[in-house]
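Coordinates in review
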Amino acid sequence: MTSKEIRKSFVEFFEEKNHKFIRSSSVVPSDDPTLLFTNAGMNQFKPIFLDQIVPEDPRAVNSQKCIRVSGKHNDLEEVGVDTFHHTFFEMLGNWSFGDYYKKEAIQWAWELFTERWELDKERLWATVYKDDDEAFNLWLEVTDIKPERVIRCGKKDNFWEMGDTGPCGPCSEIHFYIGDDLEKQHASGVNNSDMYWELWNLVFIQNNRIEDGSLIELPAKHVDTGAGLERIAAVMQGKDSNYDTDLFQPIILAIQEKAKSDYKINPIPHRVIADHIRMLCFSIADGALPSNEGRGYVLRRILRRASRFGRSLGLEEPFMFELVQVLVETMGDNFPEINEKKNHIEKVIRAEENSFNDTLDRGLNHFEKIINQEDIVNINGEDAFKLYDTYGFPFDL
Ligand code: SER
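What counts as what
- Residues numbered from 1 in each chain as written.
- Predicted model: local features only at pLDDT ≥ 70, side-chain atom pairs only at ≥ 80, totals over all residues.
- Heavy atoms only, no water.
- Salt bridge = Lys/Arg side-chain N within 4 Å of Asp/Glu carboxyl O.
- Helix = DSSP H or I, 4+ residues; strand = E, 2+ residues; numbered from the N terminus.
- Buried < 20%, exposed > 50% of the residue type's maximum accessible area, 1.4 Å probe, protein only.
- Phe/Tyr/Trp six-rings, centres within 6.5 Å; stacked < 30°, edge-to-face > 60°.
- Lys NZ or Arg CZ within 6 Å of the ring centre and 35° of its normal.
- Near = heavy atom within 4 Å.
- Polar contact = N/O pair within 3.5 Å; in protein donor to acceptor, adjacent residues only side chain to side chain.
- Areas by Shrake-Rupley, 256 points an atom, 1.4 Å probe, with all protein chains shown as cover.
- Axes fitted to C-alpha atoms, helices over the stretch in contact; angles between N-to-C directions.
- Parallel < 35°, antiparallel > 145°, perpendicular 65-115°, else oblique.
- Left-handed = near helix turned anticlockwise from the far one by under 90°.
- Contact = heavy atoms within 4.5 Å.
- Nonpolar A, V, L, I, M, F, W, Y, C, P; charged D, E, K, R; others polar.

Attention now goes to the pattern of salt bridges. Counted according to the given criterion, the structure contains 24 salt bridges. A salt bridge links Lys20 to Asp57, with the shortest nitrogen-to-oxygen separation between them at 3.9 Å. Highlighted residues: Lys20 in strand E1 (residues 20-21) and Asp57 in the loop between helix H2 (46-49) and strand E2 (59-67), separated in sequence by 37 residues. Classification of Lys20 by relative accessible area gives partly exposed; the value is 37%. For Lys156, the salt bridge identified is with Asp157, shortest N-O distance 3.6 Å. Of the residues examined, Lys156 reaches a relative accessible area of 75% and is grouped as exposed.

Attention now goes to the packing of aromatic side chains. Considering all chains together, one arrives at 21 aromatic pairs under this definition. Between Tyr243 and Phe248, the ring centres sit 4.8 Å apart and the planes meet at 55°, which makes this aromatic pair tilted. Accessibility classification places Tyr243 together with Phe248 in one group, the buried group. Note that Arg149 overlies the ring of Trp125, its terminal NZ or CZ placed 4.6 Å from the centroid.

Within the structure, the ligand sits among Ala40, Met42, Arg68, Met91, Trp160, Asn201, Val203, Asp224, Thr225 and Gly226. Within the side chain of Arg68, one N or O atom sits 2.9 Å away from an oxygen atom of the ligand. Between an oxygen atom of the ligand and a main-chain N or O atom of Gly226, the distance comes to 3.0 Å. Considering the ligand on its own, with 230 Å² of exposed area, one finds that the protein chains cover 97% of that surface.

The subject of this paragraph is the packing of helix H8 (residues 267-285) against helix H9 (residues 294-312). With their axes 9 Å apart at the nearest point, H8 and H9 run at an angle of 150° to one another. Relative to H9, the element H8 is oriented roughly antiparallel. In terms of crossing hand, the pair formed by H8 and H9 is left-handed. Residues Ile268, Pro269, Val272, Ile273, His276, Met279, Leu280, Ser283 and Ile284 of H8 form the contact with H9, whose participating residues are Val298, Leu299, Ile302, Leu303, Arg305, Ala306, Phe309, Gly310 and Ser312. Per-class residue counts for the contact of H8 with H9 are 13 nonpolar, four polar and one charged.

Put into structure tokens, the structure is as follows:
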């Protein structure tokens, strides 16, 4: 299946089960001071979970644009190094607002994975929160998963929270083994090895974490699920890297063409640039702009990081703004906002690339002066700080 077909099939599956399709909300939250970026599909439903508004429908389905580069959920360090974490990704999700609960959430997730999409049961594992006997028993009652493939894990992996405060609860995840040798699978690899990918997280929202750190019980119990489209596309397209799917390949091919480089020989810079251009396009389309503080500074850092990896491929002139068109061709059907704002996105990215190049050129002059001093072995803290603060060198540069 193509990624477009997977997205459509997910939504249709839950529409058949009386869920209402709700469009993705902006990646730039307008009314939640606890978030710089939308980090999960449930963000737009937070007031429902907190009993502040009554939903029009008790069930919802969507594909949400998410960014995880700040706050509680920050995957930046993994991006490019591994093949399945991203700054920007799409989260397929279904929700129950005080309607169905654990039983249907588990049953339908298994049905979609193993019957509709025919994922190999011999590769799937389920985890539950260590004290959640109800979820543990339901896996054995309402699915045909082998009992030894349901494992209990602690709070770190199986109690999901959107931030320091907010709706939360125990969760149950489905993991997929991507290795070649099925015999090598072992429960101890789940949550510990890159050979097991978390594909879907079913959260049973029943608490609210408040500012003093304590948990209070919500008046109703809800379901909040999230499955990363990029990982599902990889698994369903028989790849062991999200970057080999139809979501990323057009961008990677365009980078290779520009840099006359080879993704297979030098994958990390290609992955970083392909990831970061998606984050930049979607956040700028939703109203964010690079700047010196807060959300804008995150955009600036991401752009500089991509630009620096571009330099490592020999791309010294602005090049990222030209990738916007490729992304529009890949995702513009589903997210018309990137198509409508294409010119604006290109202008912002190009101006920011130019200004970073000027900064770097000035900084490199200063850097040369420092290292040409006699007897220099290390750059001292003061000079390093000046390169960072005055010349805008990212710390890793
Ligand atoms: N909110 C949960 C997550 O982000 C499930 O969607 O993983």
